[in-house]
Amino acid sequence: MTIRGKIPFLAGTLIALGVGWVGFPYAINQRRPQPVDFSHKVHADKAGAKCEDCHAFREDGTFAGIPSLDKCSGCHAAAMGTTVAERSFIDQYVTPNREPQWEDYARQPENVFFSHSVHVKRAGMRCESCHGPTGGSDSLRPYREDRISGYSADIWKVKGTNHGMKMADCVDCHRTNQMEQSCLDCHK
Amino acid sequence: MKTTRREILFFAGGSAVGILMTPAPWRLITDTALWSENWPGIPRPARGAITARYTNCALCAAGCAVRARCVAEQPVSLAGVAGHPLSHGALCAYGLAGHHLPYHPARVTRGSEREAMAAVTAAMDRLAGNEHMAVLDLRPGRTASWTYRRAMAAVKNGVYVAAGGALANAAIDLSKARTVLSLGVPLLEDWGTPGNVMAARAGFHLIQADAVESRTAVMADQWLRIKAGSEEALGQGILQALGGQTPVAAAEATGIAEQQFLALAGELRQNGPALVLGGARSKSAAQLNDALGALGRTIVVRREAPVPDAWKKAAPAVDLASVEDGSIRVLLIDESAPGAYLPWSAVEPKLVRDNPVVVTLGWTRDGYGRHAQYLVPAGVYPEVTDDLPPAVDSVAATFRMSVPLVQAPEGVVKPEEWIARAAGLQVGDTLRERADAVHRAGRGTLFTYAGGKSVAAKDVKIDDFWKALQAGACWMDEVEPARRPAAVKVAAGATRQAADLTDDLPLVVVLTEAPSSPLLSKIYQESNLKLGPEQVAIHPLEARAAGVEDGARAVLETLAGRIDVEVRVDAGVPLGAVLVASRPAVLDVCGAGVGAKVVRA
């Protein structure tokens, strides 16, 4: 290959690398803001709330996930602070009793059975192990949804961690911790 | 500067190389695969409130208690109910996947209901004096069974035929047994109430006579590896040994040494109470139990759950064998609840020769639907309300219902109502009437699954009693002092084992359990853990003699007929035997112990 041939080849390579590493990850996901600018940090620091205060387990041991409006209304029936976000939340959701349509960063596909109870209560894992440092965040990042698969972009990589939430990540963790694994554990 | 074609190609080549070094192409491949998971038409589970509901499994006569985890009223997983006095929290593999049954590929939801009713009415009008209208009930002992008996009492020449074993009014008390001899009965895998059997297991010494290394044989204390189809000969040999004789012929027939017969007889006699389990048609099991004093000790009388007095004017339950050949003009078969399957070769001779009307009410065409003129689709567990007769190992009478967890599709009928209507019998809410009769008897306890506690039935109000039963509760009668049942009656046609063996049919059929739920069918078929519906297994030497190889298509022939099969060659199958999965199509041409041969297709 001559110098004259190498230049367009390298140019093509560099442009493709730029598109593949920078443009593609941006383009493949669509972003949607969360309905409320919620601060985990404020709730943890000022209200002294722990993860399980809002993301609780039901009486039968199943995980309730994102809290419903009733849980929020328990404290925010009237404004507790002076922030615009809280005022907006009360006006738009608490007062009209309208459930916020939260976007779930970590929703597993329908063909997966995942038990929070087993991982948190039995294995003693911390929430941050899988969900990253969400509990310390001051605002909710936009929800990124893969345009093709329709799944949350967090399955590829959870912000603040070095892992995702794909099957391979589950298997890796189980192997590392020498836990038994079989298809029917998750795909019941 | 002019751009040449060569430079464009270099640029394209560089781009291709570059893009391969990014995550883009690999992510696109994975994303496309994930996208295919969400194509339209792929069922998506409902989302909603998570609740627990309770019912009783109707997949077999055990009727184990079931706790269903439901999401938005849809059951997503089933489990046993801890603390249940009979099922002890256990649920078998089929029971765990029972909620898949309504979605079975063989499910039938459309049929010829109106045409069937018209044909039955017309045939009833032309019944001759010596002809019968009959109901064949595959699971007798239910409230629906009483309706069938009342319906047959209300029509001209009505006959109620009950399929089932010789122990209809007796129960087996495993907790009292110290030695159990099983003549090929799958005691630890497909018999009685699994939880109850396992709870009693530590208390008895199990001797399993089996030609193949079944799961029960593996878990037994002693496995007697007998020749295929020689269970009856073994029983007769032990009887001889108990009488002090040397069982020479039995030793030859079974492959068991004469001394071992004497040792077995000694163990059964000395380590009592003993119990011998055989098939429904096993004459030697009945004789052995009589000789060993099992009647009244490990086999006891069990009274039936109370029924309203008004129902007692009903046709008696009869055995199919006692019905005269060529006498049934109208035959209605309730196969909505799985039960004992009577081979069509036994049913067909009972029908009149000219245009009999056979209607089957079932959920699949795989059973009698293959032979009946009309198949009326019926609901299936867990979408119907039906009560469950007590299991063979339940010493006390029970009354519990299988209540719906899912809604039945439109167009399916309730067999009880359909048959009553055909017979012109007016029936109300029979289950409620029966429950009230049980409550009025004022005895027994009610075990509620949600609360996990037992209360005396008489302390519960009659409406609350009914509500509890609808929520899956179980009424258990008081246990009576053990009473000796009448001598066990063995149905005609018994001990035909090995009788059909000829030089032309040299293999003995050994039946194995067939998978039934869709999930388990898939797992078993993909894993080859069980024989599939059209498979038989034979020893490599038998396969060589028949000229067939593993996976080859072949024909299984018996005196009763032939069926197309796929051959699996398995060194675990004993010489002289052919292992067959027990499905209706197979049972029509062969039963356990009959002679057969495998012929290359």
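Before reading on, note that the structure itself is shown above.
First, a word on what this report is: a plain description of the structure on this page. (Residues numbered from 1 in each chain as written. Chains lettered and ligands numbered in written order. Predicted model: local features only at pLDDT ≥ 70, side-chain atom pairs only at ≥ 80, totals over all residues. Heavy atoms only, no water.)

Residue and element names in this part refer to chain B. In the structure shown here, the tally under the stated rule is two cavities of 30 Å³ or more. In terms of lining residues, the largest cavity is bounded by 17 residues, among which Arg142, Ser336, Ala337, Val384 and Asp386 are the most central. At the level of secondary structure, the elements contributing two or more residues to the lining of the largest cavity comprise helix H5 (143-154) and helix H13 (415-423). For the lining of the largest cavity, a count of residues per class yields nine nonpolar, three polar and five charged. Size it by volume and the second largest cavity reaches roughly 80 Å³. In terms of lining residues, the second largest cavity is bounded by 14 residues, among which Val301, Arg302, Val395, Val479 and Glu480 are the most central. For the lining of the second largest cavity, a count of residues per class yields eight nonpolar, no polar and six charged. (1 Å grid on protein atoms, 1.4 Å probe; cavity = no way out; pocket = protein on both sides within 12 Å on 5 of 7 lines; lining within 4 Å. Points joined across faces, edges and corners; volume = space filled by probe spheres on them. Helix = DSSP H or I, 4+ residues; strand = E, 2+ residues; numbered from the N terminus. Nonpolar A, V, L, I, M, F, W, Y, C, P; charged D, E, K, R; others polar.)

Another aspect to go through is unusual backbone geometry. Omega for the bond connecting Gly272(B) with Pro273(B) falls within 30 degrees of zero, at -5°, which places this linkage in the cis form. For Pro273(B), the location among the structural elements is in the loop between helix H10 (258-270) and strand S10 (274-277). Here the amide bond leading from Tyr381(B) into Pro382(B) is cis, since omega sits at 0°, within 30 degrees of zero. Residue placement: Pro382(B) occurs in the loop between strand S15 (374-377) and strand S16 (386-387). Its identity is not glycine, yet Asn97(A) carries a phi of approximately 55°, on the positive side. By the secondary structure assignment, Asn97(A) is in the loop between helix H5 (84-94) and helix H6 (116-122). For Ala72(B), which is not a glycine, the phi torsion comes out positive at approximately 50°. Mapped onto the elements, Ala72(B) comes out in the loop between strand S2 (65-71) and strand S3 (74-80). Classification of Ala72(B) as partly exposed rests on a relative accessible area of 33%. (Buried < 20%, exposed > 50% of the residue type's maximum accessible area, 1.4 Å probe, protein only.)

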